[in-house]
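If you want the building blocks of each chain, they are given just below.
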Amino acid sequence: MRRRLLRQIYPTYLLIILVSLFIVSWCALRCMEALHRSQLERDLLSQARLLERTLHTGESSLLSPERIAQLCREFSQLLPIRITVLLENGRVIGDSDANPALMENHRNRPEVRAAAEGAPKAVERYSSTIRQRLLYMAVPVNVNGQTEMFVRVAMPLDEIDQAMRSIIHRVTIAGLIVALLAGCFAFWVARHVTQPLKQIREGALRFAHGDLSYKLPVTGSEEMAALSAAMNQMATQMDDRIKQLLTERNTRVGVFESMTEGLLAVDKSRIVVELNRAAGTLLGIDIEKTKGQPLETRVRNTELHRLLATAIDSDTPVEGEIQLNGETSRILNVRGSALCNPDGDHIGALAVMQDITRVRQLEQMRQDFVANVSHELKTPITSIKGFVETLQDGADADPKARSRFLGIIAKQAEHLNAIVADLLMLSSVEHQTRQHLVSLEPLPLRPVLESAVEVCNVQATAKQIPVTITCPDNLKALISPHLLEQAVTNLVDNALKYSDPGALVNVTASTEGPNVIIDVQDTGRGIEHRHLDRLFERFYRVDKGRSRQLGGTGLGLSIVKHIALAHGGRITVESTLGEGSTFRLHLQNAL
Ligand code: ADP
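Residues numbered from 1 in each chain as written. Predicted model: local features only at pLDDT ≥ 70, side-chain atom pairs only at ≥ 80, totals over all residues. Heavy atoms only, no water.

**Some remarks on the site of the ligand**
Within the structure, the ligand sits among 19 residues, and Asn494, Tyr498, Ser547, Thr553 and Leu557 are positioned closest to it. Thr553 is positioned with one of its backbone polar atoms (N or O) 2.8 Å from an oxygen atom of the ligand. Taking 520 Å² as the accessible area of the ligand by itself, protein coverage stands at 97%. Most atoms of the ligand, that is more than half of them, are within 2 Å of grid points of the largest pocket. Among the elements that take part in the shell around the ligand, helix 14 (residues 481–497) stands out by supplying three residues, more than any other. Classifying every residue of the shell around the ligand gives nine nonpolar, seven polar and three charged. (Near = heavy atom within 4 Å. Polar contact = N/O pair within 3.5 Å; in protein donor to acceptor, adjacent residues only side chain to side chain. Areas by Shrake-Rupley, 256 points an atom, 1.4 Å probe, with all protein chains shown as cover. 1 Å grid on protein atoms, 1.4 Å probe; cavity = no way out; pocket = protein on both sides within 12 Å on 5 of 7 lines; lining within 4 Å. Sits in = over half its atoms within 2 Å of the grid points. Helix = DSSP H or I, 4+ residues; strand = E, 2+ residues; numbered from the N terminus. Nonpolar A, V, L, I, M, F, W, Y, C, P; charged D, E, K, R; others polar.)

Shown next as structure tokens:
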């Protein structure tokens, strides 16, 4: 368990202050005591010397022992000291506090010996005579250079001790007050030091919780202010860096997710590490459920697994096509390459997948179209070639045969011409639609319908099929008149072609909401339901032989479909076998 900084700093401060205070006080007291003691010793020496002077009566005589004993008593009344006078042999002849007769020989007292040796010194000792601790000082009393007596003065040490105790008492109280004040000051200083640290700690916690816009107050000491400023700067830089990283990440995710190509990353064990939305859609899997799962459990396609396994171990990209047979069958082009760590070790594989179903379909359509066109062209060409060869081989000589063969050749040539014309028409409409070259004008529909019917008039008359038009004169639409006439002509031509004499053909134009509807209805043979979906494909015919016989190219309805698309509309059909058909052009923008 860590202790708070305040609890670490404060007791240390306090201890230092108290120890310092104690040492200083102790030294001061010791000095004072020593000073007091030396002052006392000097006083005792002066007093002893003064008394020594008073014992002399002249140059060579001293006071009588009785007088000395009396003086001792008298002086002790005046001075707060004990006075003892003893002869050189140590016998006490006068004492201020005791009866000299009862006192023992004092010659061996240390202070007396010191005085006898000519070096008076103060001696502290317990007096058994007056039962007190005293400070003694003795000086010799000399007569004609000869020591006759000793004057000894003594002062009770109790008074000094009492004075010292009083000083210690006052110093202790002062020390305690100073210690208290110092303690408070130390606490204030410690708090002053730790408070900014607390603020910095709280700020750092806010930074750690992501609040990088928070600013630490730049206050306190120079060091703390510098630390706060440095932390603020660090937070700002971190904030900027995080924002930059987020932007970069979002851009990367945006790019990753917006890619139309599917991206799929797996590790070495083919666990899915990452995949984008396009990959999820292409493979028909849930992104979140797939991440972290073995690919085999989510996508059952051995080709894909084989390709990824190869890519993981390969130094060069591998490419292949896979067929997915889900709800909708798809063909994907997959390019796999090894994923490497910064050391260049292979850690997985990345597959880039592209849906090429449409490309393959278009390729197939193109191939089918080329095959169909070739086939359609081949039939009349073979026929023409055959009859020309027959004529060259001698049939030319027979006028009847020649005339018949030339007739067939002309018919086949006409059929060839019709196929080429329809192909050119189809290609032209497609081109105009793709390049947005079809210019639509707001025009009345009736004249267009009348022209189309007019074109088919000869055929209608020949088959005795009346063609009627129902169209309001004021009905207008955004149309390309030339293209629309071609479409209606094809529909009316078919209606006449696939109806027997006596049938009826009706061309009706009307509005349906914002759209214009043009119906070409016949009471002809009708079409079996199973053919209806494919009717608008190029070269699709219900009955090939019959269509060819009737001069059909199999492109008429395909042209109609593309013209409808060029108008932003569409074509639909309803038909009942034996009852007739209705082809409906849905055009936008009725006016
Ligand atoms: P074609 O040149 O053979 O008429 P189309 O594309 O115009 O080619 O028509 C495709 C096929 O649709 C025709 O071969 C025919 O079998 C059928 N069809 C088109 N219109 C009608 C119709 N009004 N009644 C019955 N069958 C039709």
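**Concerning the pattern of salt bridges**
Tallied over the full model, the rule gives 31 salt bridges. Put simply, Arg67 and Glu74 hold a salt bridge, and the shortest N to O gap is 3.9 Å. For Glu74, a relative accessible area of 33% gives the class partly exposed. Of the charged contacts in the structure, one is a salt bridge between Glu111 and Arg152, with a shortest N-O distance of 2.8 Å. One end of the pair, Glu111, is in helix 3 (residues 110–116); the other, Arg152, is in strand 5 (residues 146–156), and 41 residues separate them in sequence. For the pair formed by Glu111 and Arg152, the shared burial category is buried. Ionic contacts of the salt-bridge type, sharing partners, join the residues Arg37, Glu41, Glu124, Arg133 and Asp161 into one network. (Salt bridge = Lys/Arg side-chain N within 4 Å of Asp/Glu carboxyl O. Buried < 20%, exposed > 50% of the residue type's maximum accessible area, 1.4 Å probe, protein only.)

**Looking at the packing of helix 14 against helix 16 (residues 556–566)**
The interhelical angle for the contact between helix 14 and helix 16, taken along N-to-C directions, is 145°, at an axis separation of 9 Å. The hand of the helix 14/helix 16 crossing is left-handed. For the pair helix 14 and helix 16, contact is made by Leu483, Leu484, Gln486, Ala487, Asn490, Leu491 and Asn494 and by Gly556, Leu557, Ile559, Val560 and Ile563, respectively. Tallied by class, the residues present in the contact of helix 14 with helix 16 amount to eight nonpolar, four polar and no charged. (Axes fitted to C-alpha atoms, helices over the stretch in contact; angles between N-to-C directions. Left-handed = near helix turned anticlockwise from the far one by under 90°. Contact = heavy atoms within 4.5 Å.)

**Observations regarding a nonpolar patch on the surface**
Together, Leu15, Val19, Phe22, Ile23 and Trp26 give the surface a local cluster of nonpolar side chains, amounting to about 540 Å² of exposed area. Within the secondary structure, Trp26 is located in helix 1 (residues 5–54). (Patch = residues over 30% accessible without salt bridge, like charges linked within 9 Å, V, L, I, M, F, W, Y side chains within 5 Å.)

**Description of the sheet that holds strand 8 (residues 318–325)**
In spatial order, the strands read 7-6-10-9-8; together these five strands make up an open sheet with antiparallel pairing. Across the chains shown, the open sheet's two edge strands, defined by having one partner strand only, are strand 7 (272–275) and strand 8. Averaged over all neighbouring strand pairs, the angle between strand axes comes to 25°, with direction disregarded. With eight bridges joining them, strand 8 and strand 9 (residues 329–340) adopt antiparallel strand pairing. Within strand 9, the residue paired with Glu319 across the bridge is Arg335. Relative to the sheet, helix 9 (residues 302–313) contacts strand 6 (262–267), strand 8, strand 9 and strand 10 (346–355), its axis offset from that of strand 8 by approximately 160°. Docked against the sheet, helix 10 (residues 357–392) engages strand 8, strand 9 and strand 10, running at close to 130° with respect to strand 9. (Pairing = 2+ DSSP bridges.)

**Here's the deal with empty space enclosed by the protein**
In this structure the tally under the stated criterion is one cavity of 30 Å³ or more. What lines the largest cavity is Leu51, Thr54, Leu55, Leu71, Cys72, Phe75, Ile83, Val85 and Val151. Listed by contribution, the elements that provide at least two residues to the lining of the largest cavity are helix 1, helix 2 (65–78) and strand 1 (82–87). Its residues assigned to classes, the lining of the largest cavity comprises eight nonpolar, one polar and no charged. (Points joined across faces, edges and corners; volume = space filled by probe spheres on them.)

**Considerations on the nonpolar core**
With 52 residues, the main nonpolar core has Leu445, Leu484, Val488, Ile518, Leu535, Phe583 and Leu585 as its most contacted residues. Two domains each provide a minimum of three residues to this core, namely domain 4 (356–437) and domain 5 (439–588). Once residues within four sequence positions are removed from consideration, Val488 is found in contact with Leu449, Ala452, Val507, Ile518 and Leu585. With 25 residues, the next largest nonpolar core counts Leu135, Met137, Val151 and Val153 among its residues. (Core = buried A, V, L, I, M, F, W, Y, C linked by side-chain atoms within 4.5 Å. Domains from an automatic or database assignment.)

**Observations concerning the environment of Val334**
Among the secondary structure elements, Val334 is positioned in strand 9. Leave out the neighbours within four places in its chain, and Val334 touches Leu304, Leu307, Val318, Glu319, Gly320, Ile322, Ala351, Val352 and Met353.

**What about the sheet that holds strand 3 (residues 123–127)?**
Strands sit in the order 2-1-5-4-3 across an open sheet of five strands; the sheet is antiparallel. The sheet is open, and its two edges are formed by strand 2 (92–95) and strand 3, each paired on a single side. Between one strand and the next, the sheet's axes are offset by a mean angle of 30°, whatever the strand orientation. As paired strands, strand 3 and strand 4 (residues 132–143) are joined by five bridges and run antiparallel to one another. Paired with Glu124 across the bridge in strand 4 is Leu135. On top of the sheet, helix 2 reaches strand 1, strand 2 and strand 5; it is set at about 30° to strand 2, its chief contact.

**A word on helix 11 (residues 399–434)**
Spanning 36 residues, helix 11 covers 51 Å between terminal C-alpha atoms, matching the ideal 52 Å at 1.5 Å per step. Listed as buried for helix 11 are Ala401, Phe405, Ile409, His415, Leu416, Ile419, Asp422, Leu423, Met425, Leu426 and Val429. Against helix 10, helix 14, helix 15 (544–549) and helix 16 lie the buried residues of helix 11. The distance from a side-chain oxygen at the start of helix 11 to the backbone nitrogen of Lys400 is 3.1 Å, and the residue carrying that oxygen is Asp398. Count one or two residues on from helix 11 and you reach His436, which has phi positive near 55°. (Expected span 1.5 Å × (residues − 1).)

**Describing the packing of aromatic side chains**
Enumeration over the complete set of coordinates arrives at five aromatic pairs. Taking the ring centre of Tyr136 as reference, the NZ or CZ of Arg125 above it sits at 4.2 Å. Above the ring of Phe369, the side-chain terminus of Arg538 is found at 5.0 Å from the ring centroid. (Phe/Tyr/Trp six-rings, centres within 6.5 Å; stacked < 30°, edge-to-face > 60°. Lys NZ or Arg CZ within 6 Å of the ring centre and 35° of its normal.)

**Observations concerning the environment of Thr194**
Position of Thr194 relative to the elements: it lies in helix 4 (residues 157–208). Residue Thr194 is classed as buried on the basis of its relative accessible area, which comes to 10%. As a C-alpha pair, Thr194 and Arg113 span 81 residues in sequence and 67 Å in three-dimensional space.

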